[in-house]
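Examination of the molecular architecture
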Amino acid sequence: MASWKDVQFLDAKEQKALQNRLLQRFVERQLYPFSPWYKALFDKHSIRPGHIRRVEDLADVPFTSKNDLLATPEDPDRPRRFVLHPSPELIRAHWPALQKVQLLAQRTLFGKERVRKDLRREYYPIFVTFTTGRSAVPVPFFYSGHDLDNLTESGLRLTDTLAFREDDRGLNLFPYAPHLAFWQVAMGGIAAGTLVMHTGGGKVAGTEGNLRALERIKPHIILGVPGYLYHLMREALKRDLRIEGVREVVFGADSVPPGLKQKAHMLMEKLGSPNVSVLGTYGFTEARMAWGECPTPDGSSSGYHVFPDMGIFEVINPDTGEVLPHEADGELVYTPLTGRGTTVFRYRTGDLVEGGINHEPCPYCGRTLPRISSRLSRVSSVHTINLKKVKGTLINLEELGRVLADDLEIEEWQVELRKKDNDPHEVDELVVNIALKAGADQAGVEARIRERIKSHCEISPNLVRFLEIEQLLDKLGMEREMKEKRFVDARKSS
Ligand SMILES: [Zn+2]
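Calculation notes
Residues numbered from 1 in each chain as written. Predicted model: local features only at pLDDT ≥ 70, side-chain atom pairs only at ≥ 80, totals over all residues. Pairing = 2+ DSSP bridges. Helix = DSSP H or I, 4+ residues; strand = E, 2+ residues; numbered from the N terminus. Axes fitted to C-alpha atoms, helices over the stretch in contact; angles between N-to-C directions. Contact = placed C-beta atoms within 7 Å. Expected span 1.5 Å × (residues − 1). Buried ≥ 20, exposed ≤ 12 C-beta atoms within 10 Å, placed from the backbone. Core = buried A, V, L, I, M, F, W, Y, C linked by C-beta atoms within 7 Å. Domains from an automatic or database assignment. Nonpolar A, V, L, I, M, F, W, Y, C, P; charged D, E, K, R; others polar. Parallel < 35°, antiparallel > 145°, perpendicular 65-115°, else oblique. Left-handed = near helix turned anticlockwise from the far one by under 90°.

Things to note about the sheet that holds strand E12 (residues 347-353)
Paired through their backbone hydrogen bonds, the strands of a sheet run either parallel or antiparallel. Strand order across the open sheet formed by 4 strands is E10-E11-E12-E15, with antiparallel pairing between neighbours. With partners counted over all chains shown, the strands left at the sheet margins are strand E10 (311-316) and strand E15 (376-378), one partner each. Here the strands of the sheet are splayed against their neighbours by 40° on average, with no regard to which way each runs.

And the structure:
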């Protein structure tokens, strides 16, 4: 890993050389010798670790996907096989002579016990977070002391990208749980030396508790899940609270529709903070870090600034696996360069990016870090629905959600897939539940939404249902769930 001061402004050539060097070293000294999963994978495909010398060579390594990480009845310990596990024999067999001499010198200088403790800190799992897919089985990702240092470093870099200031006060409303978002913010705040209060989010502190925290701490920066933060702002407005002096609202742990950013901006203005920047972040459990947008004068997205010395992103064709040019539309694939603990390699994120990765210097902050386009959606949000008995139609629920979130007259929404008449042999139905903003014209919204869904998703909802806000919030599980239930697939249970 390079220093943050330097890595932000490397030119393309320097960045590439650094990644090539780190990749080669990581595969030869860490991944291949110490990862049971990847040792077996490389051997099976006759890939010599020394063969991976440049980023382009990654194309010769098979992808790892979410399914590879799941425990199976025959292989109940599957997730553990992704944990780096060194032994004196493996170190002797795989580390280059110079590195072994260094280890020996440390032993002579500081004693055997100290070397043992250092190695234990570097590799032994002491912390864990879990994947948080809305439907999938949670998979554990282990961190060693070394990985917690990385989480601190990425937190520091993230808060710097988001332009936190030393004397800022922050309010962390991410749910308190063994999930990346909460801990990334917690470690980032500590590393940046800013005062951050962590309430644990809606489920832990409740809306009343969070509103009290807002009034008391008077934060400059508020961080949380988009749906919940928006809900909280609305509740604050309902109670005529003034929330002045907020400079940034930072969304994470869920997709960030541009329309929601705009709506949050309007609400914050009414609450007394007119000059707020609403910023998005992107991260996933498997990377054990998150990246952010930098502030822009007009609220447009600068893209997620990633750290080239900590990992490599590729864009691939999700159907063929072919590596695409950086700025193409495709699926993001991630390869870490610094991890210990649970380590994935050429990991298919399942996230589809529109506009790929921009390698030009950022026009807003000037950093030369690669920037991932914020137009992201999940492969898992694409569903087949059978509206007619003849054949299925593909629908991207996240894209549908974006149409609803972007509408300025819609306050809350939910999308439901169900069977007609609750009959498992019947066709599917698409139902859109909407709570309107006060004063909105119901017939006008329905006509507009039907039209937009038709043009964006090439599909027509069977029913657009208007509900009272309280009723819809209850259906969403706004105060009860880690992430609100935006998409409900009631077809299987019926
Ligand atoms: Zn920037």
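Some remarks on the sheet that holds strand E20 (residues 463-466)
The 4 strands lie next to each other as E20-E19-E18-E21, forming an open sheet whose pairing is mixed. Edge strands, defined here as strands with exactly one partner in the open sheet, are E20 and strand E21 (487-489). Taken over all neighbouring pairs, the strand axes of this sheet differ in orientation by 20° on average, direction set aside. Bridge count for strand E18 (residues 410-419) against E21 is 3 bridges, and the pairing is parallel. In the sheet register, Glu416 faces E21, and the bridge partner there is Val488. Strand contacts of helix H12 (residues 397-406): E18, strand E19 (428-436) and E21, with the helix running at about 150° to E18, the strand carrying the most contacts. Those strands touched by helix H14 (residues 469-476) are E18 and E19, and its axis lies near 55° from that of E18.

Let's talk about the environment of Glu235
Looking at where Glu235 falls in the secondary structure, it is placed in helix H10 (residues 226-238). Taking the C-alpha atoms as reference points, Glu235 and Asp254, separated by 19 residues in sequence, lie 21 Å from one another. In this structure, Glu235 is in contact with Thr207 and Leu211, ignoring residues within four places of it in sequence.

A word on helix H8 (residues 180-192)
Side chains three or four residues apart in an α-helix point the same way, a direct result of the helix having 3.6 residues per turn. Compared with an ideal rise of 1.5 Å per residue, which puts 13 residues at 18 Å, H8 spans 18 Å between its outermost C-alpha atoms and is within 8% of the ideal. With 10 of 13 residues buried, H8 is to be regarded as a mostly interior element. Here H8 has its buried residues at Leu180, Ala181, Phe182, Trp183, Gln184, Val185, Met187, Gly188, Gly189 and Ala192. At the exit of H8 stands Gly193, carrying a positive phi of roughly 75°.

Notes on the nonpolar core
Core analysis: the largest hydrophobic core is formed by 104 residues, its most contacted members being Leu229, Met233, Val249 and Ala264. Both domains that meet at this core, namely domain 1 (1-83 + 125-374) and domain 2 (381-489), each give it at least three residues. Among all residues touching Leu229, those that are not within four sequence positions of it are Leu173, Ile222, Gly224, Val249, Phe251 and Ala264.

Some points on the pairing of E10
Of all 6 residues that make up E10, 5 are buried, and the element is covered over most of its length. For E10 and strand E11 (residues 330-336), the ladder comprises 6 bridges, and the chain directions are antiparallel. Bridge pairing in E11 places Phe313 opposite Tyr334.

Concerning the domain arrangement of the protein
For the protein, the assigned domains read domain 1 (1-83 + 125-374) and domain 2 (381-489). Using C-alpha coordinates to define each centre, domain 1 is positioned 28 Å away from domain 2. With 20 residues of domain 1 in contact, the opposing surface of domain 2 contributes 13 residues. Counting only elements with at least two residues in the side of domain 1 that touches domain 2, the list comes to helix H9 (201-217), H10 and helix H11 (258-271). Here the residues of the side of domain 1 that touches domain 2 sort into 8 nonpolar, 8 polar and 4 charged.

Description of unusual backbone geometry
The phi angle at Asp240 is positive, at roughly 60°, despite the residue not being glycine. Tracing the chain through its elements places Asp240 in the loop between H10 and strand E6 (248-251). Asp240 gets classed as exposed once you count the C-beta atoms within 10 Å, which come to 7. Its identity is not glycine, yet Asp421 carries a phi of approximately 55°, on the positive side. Here Asp421 lies in the loop between E18 and E19.

Section: the packing of H9 against H10
At a closest axis distance of 10 Å, the pairing of H9 and H10 adopts a crossing angle of 40°. Between H9 and H10, the crossing angle belongs to the class labelled oblique. In the packing of H9 onto H10, the handedness of the crossing is right-handed. Together, Gly201, Gly202, Thr207, Asn210, Leu211 and Leu214 of H9 and Tyr228, Leu232, Glu235 and Ala236 of H10 make up the contact between the two elements. Here the residues of the contact of H9 with H10 are counted per class, giving 5 nonpolar, 4 polar and 1 charged.

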